[in-house]
Amino acid sequence: MVQFQVVSGKMAGRVIPARHFPFRIGRAQTADLCVEEPGVWAEHLVLHLVDGEGFVLTVTAPATANLNGQPFQEGRARNGDLIELGALQLRFWIGAPRQSVLFWREALVWTSILLVTATQVYLIYRLLR
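Definitions and limits used
- Residues numbered from 1 in each chain as written.
- Predicted model: local features only at pLDDT ≥ 70, side-chain atom pairs only at ≥ 80, totals over all residues.
- Heavy atoms only, no water.
- Phe/Tyr/Trp six-rings, centres within 6.5 Å; stacked < 30°, edge-to-face > 60°.
- Salt bridge = Lys/Arg side-chain N within 4 Å of Asp/Glu carboxyl O.
- Helix = DSSP H or I, 4+ residues; strand = E, 2+ residues; numbered from the N terminus.
- Buried < 20%, exposed > 50% of the residue type's maximum accessible area, 1.4 Å probe, protein only.
- Contact = heavy atoms within 4.5 Å.
- Pairing = 2+ DSSP bridges.
- Axes fitted to C-alpha atoms, helices over the stretch in contact; angles between N-to-C directions.
- Core = buried A, V, L, I, M, F, W, Y, C linked by side-chain atoms within 4.5 Å.
- Lys, Arg positive; Asp, Glu negative; His and termini not counted.
- Polar contact = N/O pair within 3.5 Å; in protein donor to acceptor, adjacent residues only side chain to side chain.

**A closer look at the packing of aromatic side chains**
For the coordinates displayed, the defined rule picks out five aromatic pairs. An aromatic cluster is present here, built from Phe4, Phe21, Phe23, Phe55 and Phe92 joined pairwise through their rings.

**Description of the pattern of salt bridges**
Applying the stated criterion across every chain, the model contains two salt bridges. A salt bridge links Glu43 to Arg24, with the nearest nitrogen and oxygen atoms 3.6 Å apart. Placement of the pair is Glu43 in the loop between strand S4 (33-34) and strand S5 (45-50) and Arg24 in strand S3 (residues 23-26), with a sequence separation of 19 residues. Residue Glu43 is classed as partly exposed on the basis of its relative accessible area of 35%.

**Quick notes on the environment of Phe21**
Mapped onto the secondary structure, Phe21 falls in the loop between strand S2 (15-18) and S3. Among the residues examined, Phe21 registers a relative accessible area of 31% and is labelled partly exposed. Counting along the chain gives 90 residues from Phe21 to Thr111, while the straight-line C-alpha distance between them is 41 Å. For Phe21, the contacting residues outside a window of four places in its chain are Val2, Leu47, His48, Leu49 and Phe55.

**So, the sheet that holds strand S1 (residues 2-8)**
Pairing is antiparallel in the open sheet, where six strands are placed in the order S2-S1-S11-S10-S7-S8. Looking at the sheet topology across the chains shown, the edges are occupied by S2 and strand S8 (70-72). Neighbour to neighbour, the strand axes of the sheet diverge by 30 degrees on average, direction disregarded. Here six bridges tie S1 to strand S11 (residues 88-94), and the two strands are oriented antiparallel to one another. In the sheet register, Gln5 faces S11, and the bridge partner there is Arg91.

**Here we look at the nonpolar core**
Counting residues in hydrophobic clusters, the biggest one holds 26 residues, and the most contacted among them are Phe4, Ile83, Leu85 and Leu90. When residues of this core are traced back to their parent elements, those giving at least two are S1, S2, S3, S5, strand S6 (54-59), strand S7 (65-67), strand S10 (82-85) and S11. Excluding residues within four positions of it along the chain, Phe4 makes contact with Arg14, Val15, Ile16, Ala18, Phe23, Ile25, Leu47, Ile83, Leu90, Arg91 and Phe92.

**Topic: the sheet that holds S3**
Read across the open sheet, the five strands follow the order S4-S3-S5-S6-S9; overall the sheet is mixed. Each edge of the sheet is formed by a strand with only one pairing partner; in this case those strands are S4 and strand S9 (74-76). Of the pairings in the sheet, the one linking S3 to S5 comprises three bridges and is antiparallel in character. Within S5, the residue paired with Arg24 across the bridge is Val46.

**Some remarks on the side chain of Glu37**
Among the structural elements, Glu37 can be located in the loop between S4 and S5. Buried and without a salt bridge, Glu37 has Lys10 as its closest oppositely charged side chain, separated by 5.3 Å. Engagement of the side chain of Glu37 in a polar contact is seen with the backbone nitrogen of Lys10, the distance being 2.7 Å. If we ignore the near neighbours within four places in the chain, the residues touching Glu37 are Gly9, Lys10, Met11, Arg27 and Leu88.

Right, here's the structure in full:
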């Protein structure tokens, strides 16, 4: 799961998952991550998922941003990167995916395998008698 951890600002400490792409960050109400921080534009940054390249961050002109302390207009996002948009700081994370509980389904499969095996052993025993 892709997520942004808000490091500074009014929403500090919150973790926001990016559930679809492109994922837009900015001040506008239509942004996927809407933030009201000084220096953040209406549509400041867009996160894309590009085949063969991974996650690509694109800064919308005339906005500016820093990736790990370096100014950029477009760059690859890697796990743990720090993104600065005006006064806002975000940490980019690729978290572990959540797996649903499959206990009952697995128990049913193993029980079925056990029954099939027991039936085969019984049939072989009956044939050899």
